[in-house]
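An overview of the molecular structure
The primary structure of each chain is shown beneath.
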Amino acid sequence: MSPLITLAELDALGEVTLLDVRSRLGGPPGVTFYREGHIPGAAYCDLDADLAGPAGAGGRHPLPETEAFQAAMRRLGVSNDRPVVAYDDAGSTIAARIWWTLRYFGHQDVRVLDGGLAAWTADGRPATTDEPQVEPGDFVAKPGALPVLDADEAAALARSGILVDARSAERYRGETEPIDPAAGHVPGAVNVPTTGNVGPDGRFLPAEQLRARFDAVGVRDGIPLGAYCGSGVTAAHELIALELAGYPGAALYVGSWSNWSADPSRPIETA
């Protein structure tokens, strides 16, 4: 199953749980944008409250506790036997986090609306301010369905396989760091900025173009793969791009740079 879904495929899907996961780093709460207009039937999923645990030593967006995540998803109407489709307005960089997190906790049918809200409105479809009455779901969260990395495992993978840094080239090179304690990257990691995975319309590039991006940094079939970013959000977007490119199964370093850079004993590379 592709991690993406088109509008036509969404129309044909029938009953579905639709989730709006818009968010702004350092901006107003994402629910503000949701209340100004969203896809009819969509419930709002909060990145910080629903898709991550409290920020701390584990990073800015660590994995939520199983029980808390299960409760949040049930409140949003998620059930194990009903497809989930998520969207945002940021090239799917936020929606990718719920795609990954639900799959990590065992949901088998989660997809991201390619192009997000912009694709919906560009097709002449209306947005609404009406908030749906959500019937609670029965989702049962079972962690461990996808591979994850801690800091030591990420460091080892950068030596033995390919660890992809999804942040901007400037942050990777250590020229700037607007959020975390130190600038630079995990030694040995390669840089494939998430922003290059999508076109101007916010849709993912064709598979052959994505594959060329990853092949250029040494990704090959059979090589162990992992990805990280600032706090484990846009790295999930990188995992979608890798899967579309024909490289499924990459591991996510959930703590990412916010975890790595918080420990002054960990080495940092700049280039």
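Residues numbered from 1 in each chain as written. Predicted model: local features only at pLDDT ≥ 70, side-chain atom pairs only at ≥ 80, totals over all residues. Heavy atoms only, no water.

For the rest of this paragraph, the subject is the overall build of the protein chain. Of regular secondary structure, the protein chain possesses eleven helices and ten strands. Against the compact-globule benchmark of 18 Å for 271 residues, the protein chain has a radius of gyration of 18 Å, which places it among compact chains. Along the first, second and third principal axes, the C-alpha atoms of the protein chain reach 50 × 40 × 35 Å. Looking at the protein chain as a whole, 53% of its 271 residues are labelled buried. Split by element, the accessible area of the protein chain, about 11,400 Å² in all, is 52% carbon and sulfur. Charge separation in the protein chain, taken as the distance between the mean sites of 21 positive and 36 negative side-chain charges, equals 2 Å. (Helix = DSSP H or I, 4+ residues; strand = E, 2+ residues; numbered from the N terminus. Rg over C-alpha atoms; globule rule 2.2 N^0.38 Å. Buried < 20%, exposed > 50% of the residue type's maximum accessible area, 1.4 Å probe, protein only. Areas by Shrake-Rupley, 256 points an atom, 1.4 Å probe, with all protein chains shown as cover. Lys, Arg positive; Asp, Glu negative; His and termini not counted. Charge placed at Lys NZ, Arg CZ, Asp CG, Glu CD.)

As a further point, take helix 4 (residues 66-75). Given 3.6 residues to a turn, an α-helix orients residues that are three or four positions apart in the same direction. Listing the buried residues of helix 4 in full gives F69, Q70, A72 and M73. On an axial view of helix 4, the arc spanned by its buried residues comes to 165°, and they lie on one face. Phi turns positive one or two residues past the end of helix 4, at G77, with a value near 90°. (Arc of directions from axis to C-beta.)

Looking now at the packing of helix 9 (residues 207-215) against helix 10 (residues 234-244). Helix-helix packing is characterised by the crossing angle of the two axes and by the distance between the axes. Taken N-terminus to C-terminus, the directions of helix 9 and helix 10 make an angle of 110°; their axes are 8 Å apart at the nearest point. Judged by the angle between their axes, helix 9 and helix 10 are roughly perpendicular. Crossing geometry of helix 9 relative to helix 10 is assigned as left-handed. In this structure, helix 9 uses A207, L210 and F214 to contact helix 10, whose residues at the interface are E238, A241, L242 and L244. For the contact of helix 9 with helix 10, the per-class residue count stands at six nonpolar, no polar and one charged. (Axes fitted to C-alpha atoms, helices over the stretch in contact; angles between N-to-C directions. Parallel < 35°, antiparallel > 145°, perpendicular 65-115°, else oblique. Left-handed = near helix turned anticlockwise from the far one by under 90°. Contact = heavy atoms within 4.5 Å. Nonpolar A, V, L, I, M, F, W, Y, C, P; charged D, E, K, R; others polar.)

By the definition in use, this model includes 19 salt bridges. The salt bridge partner of R35 is E131, with a shortest N-O separation of 3.8 Å. Of this pair, R35 sits in helix 2 (residues 30-36) while E131 sits in the loop between helix 6 (116-122) and strand 6 (148-149), placing them 96 residues apart in sequence. The partner of D109 in a salt bridge is R111, with the nearest N and O atoms 3.2 Å apart. Each member of the salt-bridge network shares a partner with another, and the members are R60, D165, R167, R171, E177 and D180. (Salt bridge = Lys/Arg side-chain N within 4 Å of Asp/Glu carboxyl O.)

The next subject is the pairing of strand 2 (residues 17-20). Residues T17 and L19 line one face of strand 2 and the alternating positions L18 and D20 line the opposite face, and both faces are buried. Two strands pair when backbone bridges link them, and strand 2 and strand 4 (residues 84-87) are joined in this way by four bridges, in the parallel orientation. When the bridges of strand 4 are listed, T17 appears paired with V84. Sheet analysis places strand 2 next to strand 3 (residues 43-44), joined by two bridges and oriented parallel. Note that in strand 3 the partner of D20 across the bridge is Y44. Between the parallel elements strand 2 and strand 3, the chain passes through helix 2 in a crossover that is right-handed. (Pairing = 2+ DSSP bridges. Right-handed = clockwise from strand over helix to strand, strands pointing away.)

Two strands in a sheet stick together by hydrogen bonds in their backbones, pointing the same way (parallel) or opposite ways (antiparallel). Spatially, the five strands line up as an open sheet ordered 6-10-9-7-8, and their pairing is parallel. The open sheet terminates on both sides in strands that have one partner only, identified here as strand 6 and strand 8 (190-191). Inspection of the sheet shows strand 7 (residues 162-165) paired to strand 9 (residues 225-228) by four bridges, in the parallel sense. Note that in strand 9 the partner of D165 across the bridge is Y228.

Looking at the element boundaries, E238 is found in helix 10. Although E238 is buried, it forms no salt bridge, and the closest oppositely charged side chain is R213 at an N-O distance of 4.8 Å. With residues up to four places along the chain from it excluded, the contact list for E238 reads V164, D165, A166, V192, T194, N197, F214 and A227.

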